[in-house]
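Spelled out from the first residue to the last, the chains are:
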Amino acid sequence: MIYITRRETFCAAHRMCREEWSDEKNLEIFGKCSNPAWHGHNYVLSVTVRGEIQEELGFFINLTILKKIIHERIIEKIDHRNINTEVDFMKGKIATTENLAIAIWNELKPAISEHGASLHCVRISETENNTIEFYG
Ligand code: NI
């Protein structure tokens, strides 16, 4: 089994909050990321897929195809957008990096399977110090 990771970056705004809570309670629970006036992060998304090498090709998934899948399904929808209000696959979810990783997994998995590979891990760094990994 071989694993390949494709790295992408995007910038997006978000606010972590429960709308029914006061700003004070949101600040207490979610911290600075609950700022009612929004803020953004430079996110780093790493998508790891696995598969068996096809002998006649020497690879299992064309990296151009993997890049295209990630761009069409994720980057074009989220880059320079507001995660809470503009990203269809995050509708109704609290805009945490954890929820984002799960949503991105669900968006990518079928398309990657169609190309004979398996999605292994979606990893998102919200800052240099905080990284979330989801393995399905
Ligand atoms: Ni934040």
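Residues numbered from 1 in each chain as written. Predicted model: local features only at pLDDT ≥ 70, side-chain atom pairs only at ≥ 80, totals over all residues. Heavy atoms only, no water.

Engineer: Mind showing me how you'd approach the side chain of Ser46 here?
Structural biologist: For Ser46, the location among the structural elements is in strand 2 (residues 39–51). The class for Ser46 is buried, based on a relative accessible area of 10%. Discounting residues that sit within four places of it in the chain, Ser46 has contacts with Thr5, Arg6, Arg7, Cys121, Val122 and Arg123. (Helix = DSSP H or I, 4+ residues; strand = E, 2+ residues; numbered from the N terminus. Buried < 20%, exposed > 50% of the residue type's maximum accessible area, 1.4 Å probe, protein only. Contact = heavy atoms within 4.5 Å.)

Engineer: What am I meant to see in the state of the cysteines here?
Structural biologist: Here is the idea: a disulfide is a covalent bond, and it sits between the sulfur atoms of two cysteines. A complete count under the given rule lists zero disulfides for this structure. No disulfide involves Cys11; its sulfur sits 15 Å from the nearest other cysteine sulfur, which is in Cys33. Since its relative accessible area comes to 13%, Cys33 is described here as buried. (Disulfide = S-S within 2.5 Å.)

Engineer: I tried to follow the coordination of the nickel ion on my own but got confused; where do I start?
Structural biologist: Where a metal carries four tetrahedral donors, each ideal angle is 109.5 degrees; where it carries six octahedral donors, the ideal angles are 90 or 180 degrees. Only His14 (NE2), Cys33 (SG), His39 (NE2) and His41 (NE2) from the protein coordinate the nickel ion, and they sit 2.0 to 2.1 Å from it. The coordination sphere of the nickel ion comprises four donor atoms, whose angles at the metal cover 93 to 125°; the geometry is tetrahedral. Each donor residue of the nickel ion lies on one chain, and together they are spaced H-x18-C-x5-H-x1-H. Of this pair, His14 sits in strand 1 (residues 2–14) while Cys33 sits in the loop between helix 1 (23–30) and strand 2, and the two are 19 residues apart along the sequence. (Donors = N, O, S within 2.8 Å, 3.2 Å for Na, K, Ca; no water. Tetrahedral: all angles 85-135°; square planar, octahedral: opposite > 155°, others 65-115°.)

Engineer: Could you clarify how one ought to interpret the pairing of strand 2 in this entry?
Structural biologist: Put simply, side chains in a regular strand alternate between the two faces of the sheet. In this sheet, strand 2 lies alongside strand 1 in antiparallel orientation, the contact comprising 13 bridges. When the bridges of strand 2 are listed, Ile4 appears paired with Val49. The pairing of strand 2 with strand 4 (residues 118–125) spans seven bridges and is antiparallel. Along strand 4, the bridge assignment pairs Val47 with Val122. (Pairing = 2+ DSSP bridges.)

Engineer: What exactly am I supposed to notice about the environment of Ile124 here?
Structural biologist: Structurally, Ile124 is set in strand 4. What makes Ile124 buried here is its relative accessible area of 0%. A C-alpha to C-alpha distance of 25 Å links Ile124 and Glu19, two positions 105 residues apart in sequence. Discounting residues that sit within four places of it in the chain, Ile124 has contacts with Tyr43, Val44, Leu45, Thr97, Leu100, Ala101, Ile104, Asn130, Thr131 and Ile132.

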